[in-house]
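Listed below, chain by chain, are the residues.
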Amino acid sequence: AANQLTWLTTAGTTDWGTGSNWSNGDVPSKGVDVTIISGNNQPIVDESPSTPGQCMNMTINSGASVTVMVGGYLTVNGTLTNNNGTAAGLIVQSDANGNGSLIVDGTVRGDATVERYIAGYTTAGTGNGWHLLGSPVNNMTISTSNFAPGGNDDLYAWDESTYTWLNYKDGNNGISNFTNGKGYLVAYETEATKSFIGTPNNSDITFNNLSHTSGQGNGWHLLGNPYPSALTWGDDNWALSGVGGVAQVWNES
C-alpha cells in the first residue's frame, strides 16, 4: 500500500532517498508508515534540513538499523519503535564536521545511539578544550558511559546556590546521571566521538522555580539542549517567566 512501505535489503544501496530501495518504489513521505527489516544494505539518511527524510510511524525490526549520518535530517511524524533490541538499531552520527539530526513528534520506544564528537584539549590548537553539552537521551548514567572522565579529563555541573562548579570526580556532589535539560562542562584529553545511549527525549522538559540566591552571582543556571536535534530559541514553545529572554554565548578570547 502507498501508506505502508518496507525497506528492501536486496535493492543494492543504502540511500533512504532512493525509491527503488522501498517496496512500492516510492520514497517515504510525511504520512507513510515504514518498516525496516534485517538484512544487507540497511538505510542511511543523508537528506538536508530543507527536505528531511520523513515518515509517519517507523518500526525497526530485530537485527535492522537506521543511521542518520552527519548532515542528515530525519523526521518521524508519529511513533518510532526500535525493536532491534539494542541502541545499535538507531544511530545519529557526529564527527568533526557536524552532526545528524532526529525529530520524533510521537512516542519513542526503544533506545538509540546519539553520537557527539568532542575535540580534545591536546588537539584543539587553541584554548583549553572546554565544551558545554546536554544529553539528548533520558537520564543516562554517566559512570557506565564513555563520557565518564578519565584521569586527565573533567566533567562539571553548575550549582547556582553556591556559585560553584561541582566536580563529578568528587563523588559527593550527587552527579550520577545526565539530568534531562541540564548543561554540563567537560574537557577531554584526546578527541573522540562519544555516545549518548538511551531513549531519545522528545517531550517537553520543564524547569520551575529556578533559584536566584542572594550574594551568589546573578542567578545563573546552565541548561542544555535535551533533544537529538537543534532548538529554535524563543519561539512560541518557550515559556520564559522571570528569565532573561536572551541566549548567552561564551567567547573564550
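We now turn to the structure provided with this report. (Residues numbered from 1 in each chain as written. Predicted model: local features only at pLDDT ≥ 70, side-chain atom pairs only at ≥ 80, totals over all residues. Heavy atoms only, no water.)

1. Comments concerning the packing of aromatic side chains
Centre distance and the angle of the planes are the two values used to describe a pair of aromatic rings.
At step 1: Counted under the stated rule, the structure contains 9 aromatic pairs.
At step 2: Where Trp130 meets Tyr156, the ring centres are 6.0 Å apart and the plane angle is 55°; that geometry is what we call tilted. In this pair, Trp130 is assigned in the loop between strand S14 (112–118) and strand S15 (131–133) and Tyr156 in strand S16 (residues 154–159), connecting sequence segments 26 residues apart.
At step 3: Clustering of aromatic rings is evident, with ring pairs tying together Phe147, Phe178, Tyr184 and Phe196.
At step 4: Lying over the aromatic face of Tyr188, Lys194 brings its terminal NZ or CZ to 4.2 Å of the ring centre. (Phe/Tyr/Trp six-rings, centres within 6.5 Å; stacked < 30°, edge-to-face > 60°. Helix = DSSP H or I, 4+ residues; strand = E, 2+ residues; numbered from the N terminus. Lys NZ or Arg CZ within 6 Å of the ring centre and 35° of its normal.)

2. Brief notes about the sheet that holds strand S19 (residues 192–198)
At step 1: Taken in spatial order, the 5 strands of this open sheet run S3-S6-S9-S14-S19, and their pairing is mixed. Because the sheet does not close on itself, it has two edges, and the strands there are strand S3 (44–45) and S19.
At step 2: Examined bridge by bridge, strand S6 (residues 66–68) and strand S9 (residues 90–92) share 3 bridges and lie parallel to one another. Bridge pairing in S9 places Thr67 opposite Ile91. (Pairing = 2+ DSSP bridges.)

3. Quick word on the sheet that holds S16
Strand-to-strand pairing in sheets goes through backbone hydrogen bonds, with the strands running parallel or antiparallel.
At step 1: Strand order in the open sheet made by the 4 strands is S15-S18-S16-S17, with antiparallel pairing throughout. Every interior strand has two partners, whereas the edge strands, S15 and strand S17 (164–167), have only one. Within this sheet the neighbouring strands show an average axis-to-axis angle of 35°, counted without direction. (Axes fitted to C-alpha atoms, helices over the stretch in contact; angles between N-to-C directions.)

Note that all results are geometric; they support no functional claim without further evidence.
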